[in-house]
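A closer look at the structure
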Amino acid sequence: MGHGHDHAHHNHTHGANKKTLTIAFFIIASFMIVEVIGGFLTNSLALLSDAGHMLSDAISLGVGVLAFKLGEKTASYSKTFGYKRFEILAAVFNGVTLILVAFFIFYEAIERFSNPPEITSSGMLIIATLGLLVNILVAWILMRGADTKENLNLRAAFLHVIGDMLGSVGAIIAALLIIFFGWGWADPLASIIVALIVVVSGIRVTKDSIHVLMEGAPSNINIKEIINVFENKPGIMNIHDLHVWSITSGQNALSCHAVVSEDMTIQQCQELLKSIEHDLLHLGIGHITVQMEDSAHAHENSILCKNANDGEHHHHHH
């Protein structure tokens, strides 16, 4: 059955994800310090807002690394799923931080439109260009070495880095406008654009994470397809109490009660469960609990067949 392969694959990407995040964290954290100092020295809000975004980036990457470390702690009696949910809590924290950073930037920028300060534009240009190169490097590291599609934490980190990249581009353009045309307002304008990007990604990350915490059905799972898997199996009359949720990003679970015809033997039940598990694994569900009952005992806790994992593994392929 697909489980062994599934977990091996998961552990492999897990290790790669952790290593990639750790490298990205150190690069971003170091450059953020450079950018903060640069922002103060050149008096550029665009640099400071980009640094603010980088700070939330560094936090999100750091928390991501921590989440992987905690996620590795095994399940205990009090936390039967282990610490996998910490990752989702981290993503919520991260999303909220982003929204706060953005509002702070808006506030500062409005102040600066009315009286634009003196800006050392050449220094600003150099630091912004360095920032862009650093972000391109980190984005490349994340894309090459990690699972940015499935894992919420990594996706958040990746979105941050893309936002950072745009922030650096904004700061570069603003510096050029100040150097060639003396347009002081280009600096707060660039920072406002950064803030908008930050708000959007913050809201998106927060929304996705809260959906997971609310046990919402995973967005990549089609419930109709799942119901079809059950209803198309000979021997299953109907199903009820179907729940599909994610434990953490990329790990989906399902539980349901299936009413089966009364003349089914334990052996047939085992076969039925095996084929259900096999089909659901292809639809992206790795943890499956199905309680089978006959129509007379439906809704009672009659366990005709326990989970397929307990049974002998006989495969009959029709």
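Data block above holds the structure.
A brief structural summary. Fair warning: this is a prediction, and the values are worked out from it, not measured in the lab. (Residues numbered from 1 in each chain as written. Predicted model: local features only at pLDDT ≥ 70, side-chain atom pairs only at ≥ 80, totals over all residues. Heavy atoms only, no water.)

1. Here's the deal with the sheet that holds strand 2 (residues 251-260)
Going by this rule: For two strands to be treated as a pair, DSSP must find no fewer than two bridges joining them. Under the scheme used here, helices are H or I runs from DSSP no shorter than 4 residues and strands are E runs no shorter than 2 residues, and both carry numbers assigned from the N terminus. Axes here refer to lines fitted to C-alpha atoms; in helices the fit is confined to the stretch in contact. Angles between the N-to-C directions go from 0 to 180 degrees. Only heavy atoms enter the contact rule, under which two residues are in contact if any of them lie within 4.5 Å.
Overall, mixed pairing links the three strands, which are arranged 1-2-3 in an open sheet. Each edge of the open sheet is held by one strand with a lone partner, namely strand 1 (236-248) and strand 3 (287-294). Averaged over all adjacent pairs, the angle separating strand axes in this sheet is 10°, with direction ignored. Here strand 2 pairs with strand 3 via eight bridges, running parallel. When the sheet's bridge partners are listed, Ala-253 is paired in strand 3 with His-287. Packed onto the sheet, helix 7 (residues 223-231) meets strand 1, strand 2 and strand 3 and runs at close to 140° relative to strand 1.

2. A closer look at the pattern of salt bridges
Rule in force here: By convention in these notes, a salt bridge is any Lys or Arg side-chain nitrogen within 4 Å of a carboxyl oxygen on Asp or Glu. Each residue is placed in one exposure class: buried if its accessible area under a 1.4 Å probe, protein chains only, is under 20% of its type's maximum, exposed if it is over 50%, and partly exposed if it falls in between.
Enumeration according to the criterion identifies two salt bridges in this entry. When the shortest N-O distance is used, the salt bridge between Asp-187 and Arg-112 registers 3.2 Å. Of this pair, Asp-187 sits in helix 6 (residues 186-213) while Arg-112 sits in helix 3 (residues 86-114), and the two are 75 residues apart along the sequence. Residue classification places Asp-187 among the buried residues on the basis of a relative accessible area of 0%. Its salt-bridge partner being Lys-233, residue Asp-279 comes within 2.7 Å of it at the nearest N-O pair. You can see Asp-279 sitting in helix 8 (residues 266-282) and its partner Lys-233 sitting in the loop between helix 7 and strand 1, a full 46 residues away along the chain. Look at Asp-279 and you get partly exposed, because its relative accessible area is 27%. What makes Lys-233 buried here is its relative accessible area of 14%.

3. Quick notes on helix 7
Keep this limit in mind: By arc we mean the arc of the directions from the helix axis to the C-beta atoms, nothing more. Residues adjacent in sequence count toward polar contacts only when both atoms are side-chain atoms; beyond that, a polar contact is any pair of N or O atoms within 3.5 Å, and within protein one must be able to donate a hydrogen and the other to accept it.
Along helix 7, the positions that sit buried rather than exposed are Ile-226, Val-229 and Phe-230. On an axial view of helix 7, the arc spanned by its buried residues comes to 95°, and they lie on one face. Lining the buried residues of helix 7 we find strand 1, strand 2, helix 8 and strand 3. At the N-terminal boundary of helix 7, the capping side chain belongs to Asn-222, with an oxygen 2.9 Å from the backbone nitrogen of Lys-224.

4. A closer look at helix 6
Worth spelling out the cut-off: To estimate the expected span of a helix, subtract one from its residue number and multiply by 1.5 Å.
Taking 1.5 Å as the rise per residue, helix 6 with 28 residues should run 40 Å; its terminal C-alpha atoms sit 41 Å apart, in good agreement. Trailing helix 6 by a residue or two, Glu-215 shows a phi angle of about 60°, which is positive.

5. Digging into the pairing of strand 3
Put simply, the test is: Seen with its strands pointing away from the viewer, a crossover is right-handed if its path from the first strand over the helix to the second goes clockwise.
Counted residue by residue, strand 3 has six buried out of eight residues, so it is predominantly covered. Between the parallel elements strand 2 and strand 3, the chain passes through helix 8 in a crossover that is right-handed.

6. Concerning the packing of aromatic side chains
Defined as follows: A pair of Phe, Tyr and Trp rings is counted when the ring centres sit within 6.5 Å of each other, with Trp represented by its six-membered ring. The angle between the planes then sorts it: under 30 degrees is stacked, over 60 is edge-to-face, the rest tilted.
Taken as a whole and assessed by the stated rule, the structure comprises four aromatic pairs. Taken together, the ring pairs connect Phe-181, Trp-183 and Trp-185 into an aromatic cluster.

7. Remarks on the nonpolar core
To be explicit about the condition: To qualify as a nonpolar core, a set must consist of buried Ala, Val, Leu, Ile, Met, Phe, Trp, Tyr and Cys residues joined through side-chain atoms within 4.5 Å.
With 34 residues, the main nonpolar core has Leu-21, Ile-28, Met-124, Val-138 and Leu-142 as its most contacted residues. Looking at this core, the elements that each hand over two or more residues are helix 1 (3-42), helix 2 (45-72), helix 4 (121-145), helix 5 (152-181) and helix 6. With 10 residues, helix 5 is the single largest residue contributor to this core. Residues Ile-236, Ile-239, Val-244 and Met-264 belong to the second largest nonpolar core, which totals 21 residues.

8. Here's the deal with the packing of helix 3 against helix 6
Worth spelling out the cut-off: Note that the term roughly parallel is reserved for angles under 35 degrees, roughly antiparallel for angles over 145, roughly perpendicular for angles of 65 to 115, and oblique for everything else. In this scheme, a crossing is called left-handed if the near helix is turned counterclockwise away from the far one by less than a right angle; it is called right-handed if the turn is clockwise. Three categories are distinguished: nonpolar for Ala, Val, Leu, Ile, Met, Phe, Trp, Tyr, Cys and Pro, charged for Asp, Glu, Lys and Arg, and polar for the others, with Gly belonging to the last.
Across the interface, helix 3 lies against helix 6 with an axial gap of 7 Å and an inter-helix angle of 160°. As judged from the angle between their axes, helix 3 and helix 6 are roughly antiparallel. Judged by the twist between their axes, the crossing of helix 3 over helix 6 is left-handed. Classifying every residue of the contact of helix 3 with helix 6 gives 24 nonpolar, six polar and two charged.

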